[in-house]
Amino acid sequence: MSSLELSNVVPTDVDQQETQEWMDALEAVLDREGAERAHFLIESLIDEARRNGAHIPYSPNTAYINTIPPGLEPAYPGNLVLEERIRSYIRWNAMAMVVRANKHTPADGGSLGGHIASFASQATMVECGQNHFWHAETPDHGGDLIFFQGHSSPGMYSRAYLEGRLTEENLNYFRQDVGGKGKGLTSYPHSKIMPNFWQFSTVSMGLGPLMAIYQARFLKYLHARGIADTSQRKVWVFLGDGEIDEPESLGAIGMASREKLDNLIFIVNCNLQRLDGPVRGNGKIIQELEGSFRGAGWNVVKLIWGGYWDPLFARDKEGILRRVMEETVDGEYQAYKANDGKFVREKFFGKHPKLLEMVSRMSDEDVWRLNRGGHDPHKVYAAFASAVNHTGQPSVILAKTIKGYGMGHVGQAKNPTHQQKKLDTESVREFRDRFNIPIPDDKVDEIPFFKPSEDSPEMKYMHERRKALGGYLPHRRQKADESLPAPALDAFKAVLEPTIEGREISTTQAFVRVLNQLLRDKALAPRVVPILVDESRTFGMEGLFRQIGIYAPEGQKYVPVDKGQVMYYREARDGQLLQEGINEAGGMSSWIAAATSYSTSNRIMIPFFIYYSMFGFQRFGGLSWAAGDMLARGFLLGGTAGRTTLNGEGLQHEDGDSLVHASLIPNCVAYDPTFAHEVAVIIQSGLKRMMQDQEDVFFYMTVMNENYAQPGLNPGDEDGIRRGMYKLRSVGKARSKAHVQLMGSGTILREVMEAQELLEKDWGVSSDIWSMTSFSELCRDGMDVARWNLLHPSEPQREAYVTKMLKDTRGPLIASTDYVKSWAEQIRPYLPKGREYRVLGTDGFGRSDYRSQLREFFEIDRHFVVLSALRALADEGVIDIKKCAQAIAKYGIDPEKANPHHD
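Because the structure is predicted, anything quoted here is derived from the model rather than measured.

Student: Which parts of the structure should I look at to understand the pairing of strand β18 (residues 837-840)?
Tutor: Along a regular strand, successive side chains alternate from one face of the sheet to the other. Where burial is concerned, the two faces of β18 agree: the one with Tyr837 and Val839 and the one with Arg838 and Leu840 are both buried. For strand β17 (residues 813-816) and β18, the ladder comprises four bridges, and the chain directions are parallel. By the bridge assignment, Ile814 is partnered in β18 with Arg838.

What follows is the structure, given as structure tokens:
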């Protein structure tokens, strides 16, 4: 018999009297010394049995009942009557907001959509937090951070309306970001559009839980390093049970327990439904999640049954009710709340005659009233209090609720309820009656918003509770109270000057030198946050291990094997470097936490996240958009960038498109520098814009591992570097008939420079070379100018920067980069009219080989630059086209070679 089969065998009770004696002893311990002592004794017995060879399978699951028994629930501190009234008003206005927005379809046939059911299922929990737990920022408290479930936004707006933070006009412009003319309310939490209100963007499923874990860790990091007192702060995270299917939702829960993030509380709203149907129709999502979280080392609080079940549990001496609860699957539980008390009596209690007898004196209405834990304020408060006071582990509350709670026959627990955005008059009336909203029958069809008078007991209570907790939530800080002065450019003198003859460095090394200079700046050094994903040695950054240490909340409990080396692996409680392991999504989440610290913690931080460029936007694309939405500020660095520069690594490692991804995010400023001095100018510009001026942008910069001599900065080129292009040098006779403009970026600019020499030496063609640090910044400038000209036809027309730079030059334009052609194609509409523009790029899959072979394969090397320039001149009639054939022969180009885009 296999071990798995053995684990499923239930042993026969060979001595019932002895069994009863053990059970009596356990019951006595529970009665006299409590559950904690009983738990200790049982665990000790199990441990001793295993040590002596007994096979005792591990189970991560407990019974399908509440973790906190009724006898251990704390007294409820609030006014339950007033809180219920407030909760009902909020429910009504949340519903009315969505239904009103979709009541009339405009001529274009569009529908605004919206969600009623999600907030309906979690309103009790949200209000418990608002009234008793969630502290706003005050002088002596940094404020709790709440990751609200994205689809529940109407509930947050509804409460803010009662609080006087939003007006009825705001509610009338729900989901009308444009037509609302600044008064509209966004569909979901969006910091970009509502910068004073929403702190986090959470509706991209799974990203909220992932970001929250690293946010909680970053609060610990700030505290450990003495930058901010975060000891009182908690991170609360609402997520749906259906959202758990996203890999990101559970992807970092091991890190949360490993680092003992007891400032982190997950609340999984287990309403048993996702968008199309049940989450685990044939199983139990709460039991499944309990196993996942307990197995990962979390404190799990199960909040399954409401208080109306307690008398039945007390009478369940034989455990029949508990057993039936265990055997009933979620698909059945969903059906119970989609029907009525008679249905529940027959389908649930009818599973055993003794259960039918148990409820025989209860009416169908009484049976229907048996509630779920997430809707019982007593049980919710007990669960929240337990999680808040737990230490040493992150906590998760698994709360069983009903999706569309209170929506009646059209929405409660029905499969389509997630998309429910319209209710007929009868359903609205039913909703009104269910929550006792004082709206007369003749007004029901209008679905008016309801707000009690300011001097009503409900309003006074609501304001008093938030005053006691420091203010209103959600709330977002737009600017930090501090400002970090950017160092002058000459602070980076070490990379601004030409390299000594015979010395070569890469742009990655240049970045490390800039970073080290920042770490020597007394004002800025504490705020620098280097973030790496297990590639420190790849980027030549292992020196930071000893210099600033790796953040580890428990310090270093071992002697590293490389202790005898200068750059040994050093972990420390106050370490500065965040080493995330092989984990780009985690690294990006850490970066977002640091890059939004100016808002969340009133501390400006300077995060630098460096990683393999191919494993950046392509892998954590959703997080990069969330970073943009949350107005992150910091530096992302795509290391070993380019499709041909990372030679030897092959198809999946070589990056040819990250800069295109970056250019799609409106507030991401992307650069592809070639030289060390460009790196310094770009970083200094970013420090000024983001940390000194507090501009809501973030920078992406590629850096390469190819070594070459550095020419140094020519004074006056700084503005061109920042704006996207500057003239590097000219070769040949200035008035030569055959003249071209050559453009390049990154390491391929050096191929362009070699092509310039070949054009002059072999073909007598003169040229100018332009270092194109950012095609996307040039494109954005061009788009801005084109838009202004469109809207101001009667005023003097403006010129794009790229137009100004090239309008007085001669000859066709040739661009070559290590990226797909669309990177350089962005500027085509803004080039001087009538100019020929040819783009070389690395479209296609990556290859593994030497750099020279790869550049020839992708047709971006010096020979193809020369050939492209000659062909452009021939097409313009400046030279004989025979020279193109001669160049093909001279440089050994195979005209029948495979097209890299298709091969």
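Student: In this structure, what is going on with the side chain of Arg372? I would like to understand it.
Tutor: Mapped onto the fold, Arg372 is located in the loop between α17 (364-369) and α18 (377-389). It turns out Arg372 is buried and unbridged, and the closest side chain with the opposite charge, Asp330, is 7.6 Å from it. A distance of 3.2 Å separates the side chain of Arg372 from the backbone oxygen of Thr401, its partner in a polar contact. The residues touching Arg372, leaving out its near neighbours within four places in the chain, are Leu272, Ile304, Trp305, Gly306, Tyr333, Gln334, Lys337, Lys400, Thr401 and Ile402.

Student: Hey, could you run me through the nonpolar core in this one?
Tutor: Inside soluble globular proteins, nonpolar side chains tend to come together where they are buried. Counting 112 residues, the largest nonpolar core has Phe349 and Trp591 as the members making the most contacts within it. Counting residues per element, this core draws most heavily on helix α8 (residues 207-224), which supplies eleven residues. Counting residues in each nonpolar core, the second largest holds 86 residues, with Met690, Met691, Val697 and Phe857 among its members.

Student: Can you walk me through the packing of aromatic side chains in this structure?
Tutor: Geometrically, a pair of aromatic rings is defined through the distance of the ring centres and the angle of the planes. As enumerated under the stated definition, the model contains 53 aromatic pairs in all. Taking the centre distance of 5.0 Å and the plane angle of 80 degrees together, the rings of Phe197 and Trp198 count as edge-to-face. Seen in terms of ring centroids, Phe675 and Tyr708 are 6.3 Å apart; in terms of plane orientation they differ by 85 degrees. Their pairing is edge-to-face. In this pair, Phe675 is assigned in the loop between β12 (668-671) and α29 (676-692) and Tyr708 in the loop between β13 (698-702) and α30 (718-723), connecting sequence segments 33 residues apart. The exposure classification of Phe675 matches that of Tyr708, with both residues buried. Feature note: the residues Tyr76, Phe133, Trp134, Phe148, Tyr157, Phe174, Phe197, Trp198, Trp236, Phe238, Tyr381 and Phe384 constitute an aromatic cluster, connected by ring pairs. For the cation-ring pair, Lys284 lies above Tyr64, with the distance from its terminal atom to the ring centre recorded as 4.8 Å. Above the face of the Tyr333 ring, Lys400 is positioned so that its terminal group lies 3.3 Å from the ring centre.

Rules of the game
Residues numbered from 1 in each chain as written. Predicted model: local features only at pLDDT ≥ 70, side-chain atom pairs only at ≥ 80, totals over all residues. Heavy atoms only, no water. Buried < 20%, exposed > 50% of the residue type's maximum accessible area, 1.4 Å probe, protein only. Helix = DSSP H or I, 4+ residues; strand = E, 2+ residues; numbered from the N terminus. Pairing = 2+ DSSP bridges. Lys, Arg positive; Asp, Glu negative; His and termini not counted. Salt bridge = Lys/Arg side-chain N within 4 Å of Asp/Glu carboxyl O. Polar contact = N/O pair within 3.5 Å; in protein donor to acceptor, adjacent residues only side chain to side chain. Contact = heavy atoms within 4.5 Å. Core = buried A, V, L, I, M, F, W, Y, C linked by side-chain atoms within 4.5 Å. Phe/Tyr/Trp six-rings, centres within 6.5 Å; stacked < 30°, edge-to-face > 60°. Lys NZ or Arg CZ within 6 Å of the ring centre and 35° of its normal.

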